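Architecture at a glance
Each chain, written out:
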Amino acid sequence: MAKKASKSKPKAKSTSKKNPFRISKQNKIILGSLLVLFSIALFFSFVSFYFTWEHDQSLLSEFKNRNEEAKNLLNKFGASISHFFVYKGFGIATLIIPFLLCLTGIYMFLGLDKKGLTKKWIWGLLFLIWFSIAFGFFADESPLLGGLVGYEMNDFLQDYTGTIGVLLLLLFGLVFILVRLFNVTPEGIAEYFKSKRKELSTDFKNTQSKESEVTEEETLLNSEDEEQILVDTYTHKEEIPHLNKEEQKKDFEVNIPKEQEEGQLAMEVEQIVEEPEEIDVLAGKLVDDFGEFDPTLELGNYKFPTIDLLDVHGVTGGITINQEELEENKDKIVETLKNYKIGIAQIKATIGPTVTLYEIVPDAGIRISKIKNLEDDIALSLAALGIRIIAPIPGKGTIGIEVPNKNATVVSMRSVIASSKFQKAEMELPIAFGKTISNETFVVDLAKMPHLLMAGATGQGKSVGLNAVLTSLLYKKHPAEVKFILVDPKKVELTLYNKIERHFLAKLPDSEEAIITDNTKVINTLNSLCIEMDNRYELLKLAMVRNLKEYNTKFKARKLNPNDGHKFLPYLVLVIDEFADLIMTAGKEVETPIARLAQLARAIGIHLIVATQRPSVNVITGIIKANFPARIAFRVTSKIDSRTILDAQGADQLIGRGDMLYTQGNDVTRIQCAFVDTPEVAKITEYIGSQRAYPDAHELPEYVGEDSGTSVDYDIEDRDKMFREAAEVIVIAQQGSASLIQRKLKLGYNRAGRIIDQLEAAGIVGPFEGSKARQVLIPDMASLQQLLDNEVQ
């Protein structure tokens, strides 16, 4: 017995050591509930990240600072963890993680079998990776959708398999998921479509049978009814069948007195005149008598700027060809490609002002992507910056290699304006940008763009490009035909155009300066343009025309009555020099009216030219890009910036100094922007400004802006009990924020917000300024005491 007892002891020991990490039921419930709650917290922080990331991104480095507050629903913790998982991780697919954690928590809480959970985690992670790569592929310009992991994996795969390869891999992943997870088979799909087809055919037959029954019933009813009432379809008078024509005439005969008959005749004449055809006849008579209306008559002696006001830059005799440089570059390109076993059947060169295009025809069987990947190697062998490979050139069976010239030729604005292409351009708003690689003057119509987005790093030619646009229009259009609204947050770029204020500029009523530099006036001007847009659409509707050109043609032909509010409408061109600054300071207040104008203003002759030196996704948003099909990119610092502005690479490989890429939604054209110097612009504006002008600048509709803060006047009796203490806190700290009142007086946010509104109404703090603290208008405690004492009196 003793032996048996001794033998049983080690058995008991062994059973006790079997599962040392086994979790008790109570701990499972606790851990499960923790996971469920944590997953809910993650879900809310991930979702709110998409609405608050722009604000919270700057706070990530100040995580330890307790005074800083994030806008994320979970404050700084939510902002940090969301930035890690969403931005640096898997993008929108990250929402799968809280789902999996919540599922794990429920399994632990209810004590369910873990086998099914493991399978769900495997599929969840597969979905996470697949969606991240898919969003990185289809929405590469919005990195928040695919995250850094999706973007980098997509970029990595494209380097090895190309765009089509990545697409095929994604399709394979989708097929794998559908077959393995949802048991989708070709037979099942075919069966589904067959059943749907049967249902449709049955419904169609039932409908036909019902219609035939209804038709038979109507026929029977009509045959039974012998005496029908016939209606004359022209006069809509009833004819009674049982009366003959003479009796009908007798019954309907009416005696009209002579005076009444004459009045009725006059009414009929008025009705005839109201017909459009008769209006056209009368308008034709007016045109014969007075001629067409001339909108330029008020400034009939206006003289367009002369070509002599522009200077000659660079070589006057065109492009100088350096044959030695051409041959050297050609040999190096051929040799570099030969090193990688790429044979060339043909090569030819097209010389431009700053860049030479070498067109090559590779041997049969050579893959284009192989040449495209040698961009850096060719740049190294040529010892040149800004090498750009176009593979293939659209509309040609060749591959293009753009190589910068060692001695670039400056394209002067004078040569572009003097070209026959610009002088003979039959366009509404012609713009001469410069010259292409083939040395042709590049002229486009702003009216057909209809809006232009311009971006480029500092000092790469953006301001010169804006001056080229404005100079082109000044040389081609009369002051009556076009007006400019100039927005210059930098306050120095567009000041030269002040001289032509009463000729070409438009501004708000009672505004001192026509060139807008203050952000508040920018917001009011944009909203004023929206009002102008609505007013113009109303005039177009009354005139029964579709666009501004048709409207002005009709007005010139004197077919529209000025007494009805009709007038000649000039084109309005809004130019914004630094859009990023406006977005940073005003945000949605600027973006919303610009998006509305971009979407609707094309037909009524309002066109936008927006320039920025920071083409990031939070400045050039999806709404802005969608409505600006025409885009210009000067040299930018990264490929991401190039993709943001052009939806393609290449702008990061430009050589600067006016070298630019232009696209209008299809092909990308490389252009050397025409150079117009500041003294030249000054001479043009002085020439125009010295001539007879209109009494004032063109006035835009008045817009009364709403204050961003509160405009409610609080009675002294209705003020919060802590009003005086809060005012003292604000004046001492010289910082007007609700969070400061919260901390110092230990108040809730809503109450602190109400006190801030009361302080604004009392004139102690300034209006709301977005993310910045309000300005404190009272300098010291003595001034505050004086203000409060005066209120009591």
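Residues numbered from 1 in each chain as written. Predicted model: local features only at pLDDT ≥ 70, side-chain atom pairs only at ≥ 80, totals over all residues. Heavy atoms only, no water.

**Things to note about the pairing of strand β12 (residues 571-576)**
Most of β12 sits out of view: six of its six residues are buried. Alternating residues of β12 divide into Tyr571, Val573 and Val575 and Leu572, Leu574 and Ile576, and every residue in both groups is buried. Of the strand pairs in this sheet, strand β10 (residues 482-487) and β12 are connected by six bridges, and their pairing is parallel. In the sheet register, Val482 faces β12, and the bridge partner there is Tyr571. (Buried < 20%, exposed > 50% of the residue type's maximum accessible area, 1.4 Å probe, protein only. Helix = DSSP H or I, 4+ residues; strand = E, 2+ residues; numbered from the N terminus. Pairing = 2+ DSSP bridges.)

**Looking at the confidence of the model for the protein chain**
The share of residues in the protein chain with pLDDT of 70 or more is 81%, and the mean pLDDT across the chain is 80. Counted against residues more than four places away or in other chains, residues 220-276, with its pLDDT under 50, gives 20 contacts. (pLDDT = per-residue confidence, 0-100. Contact = heavy atoms within 4.5 Å.)

**Digging into a nonpolar patch on the surface**
On the surface, a cluster of nonpolar side chains totalling about 1,000 Å² of accessible area is made up of Phe138, Ile164, Leu167, Leu168, Leu171, Leu174, Val175, Leu178, Val179, Leu181 and Phe182. Here the nonpolar patch gets 10 residues from one element, more than from any other, and that element is helix α6 (residues 143-182). For Leu171, the location among the structural elements is in helix α6. (Patch = residues over 30% accessible without salt bridge, like charges linked within 9 Å, V, L, I, M, F, W, Y side chains within 5 Å. Areas by Shrake-Rupley, 256 points an atom, 1.4 Å probe, with all protein chains shown as cover. Salt bridge = Lys/Arg side-chain N within 4 Å of Asp/Glu carboxyl O.)

**Quick notes on the packing of aromatic side chains**
With the rule as written, the count across this model stands at 15 aromatic pairs. Centre to centre, the rings of Phe43 and Phe44 are 5.7 Å apart; their planes meet at 75 degrees, and the pair counts as edge-to-face. Classification of Phe43 as partly exposed rests on a relative accessible area of 39%. When its relative accessible area of 43% is taken as the criterion, Phe44 is described as partly exposed. Summarising the aromatic geometry, the rings of Phe46 and Phe85 are spaced 6.0 Å apart at their centres and angled 55 degrees between planes, so their arrangement reads as tilted. One end of the pair, Phe46, is in helix α2 (residues 25-56); the other, Phe85, is in helix α3 (residues 75-90), with 39 residues separating them in the sequence. Residue Phe85 is classed as partly exposed on the basis of its relative accessible area, which comes to 25%. Among the aromatic residues, those joined into a ring-pair cluster are Phe127, Trp130, Phe131 and Phe135. (Phe/Tyr/Trp six-rings, centres within 6.5 Å; stacked < 30°, edge-to-face > 60°.)

**Focus on helix α5 (residues 115-138)**
Between its first and last C-alpha, α5 extends 35 Å over 24 residues, near the 34 Å set by a 1.5 Å rise per residue. Restricting attention to buried positions, one finds in α5 the residues Leu117, Trp123, Gly124, Phe127, Leu128, Trp130, Ser132, Ile133, Ala134, Gly136 and Phe137. (Expected span 1.5 Å × (residues − 1).)

**A short note on the environment of Leu540**
Inspection of the secondary structure assignment puts Leu540 in helix α18 (residues 519-543). Taking C-alpha positions, Leu540 is 6.5 Å from Tyr551, a pair spaced 11 residues apart along the chain. Among residues more than four places away in sequence, those in contact with Leu540 are Val545, Arg546, Asn547, Leu548, Tyr551, Ala603 and Ile604.

**A few points about the sheet that holds strand β5 (residues 388-390)**
The four strands are arranged β3-β4-β6-β5 in an open sheet whose pairing can be described as antiparallel. Each end of this open sheet is capped by a strand with a single partner; those strands are β3 (344-351) and β5. Between one strand axis and the next, the sheet turns through 20 degrees on average, direction left out of account. Here β3 runs beside strand β4 (residues 355-362); their pairing, made up of seven bridges, is antiparallel. (Axes fitted to C-alpha atoms, helices over the stretch in contact; angles between N-to-C directions.)

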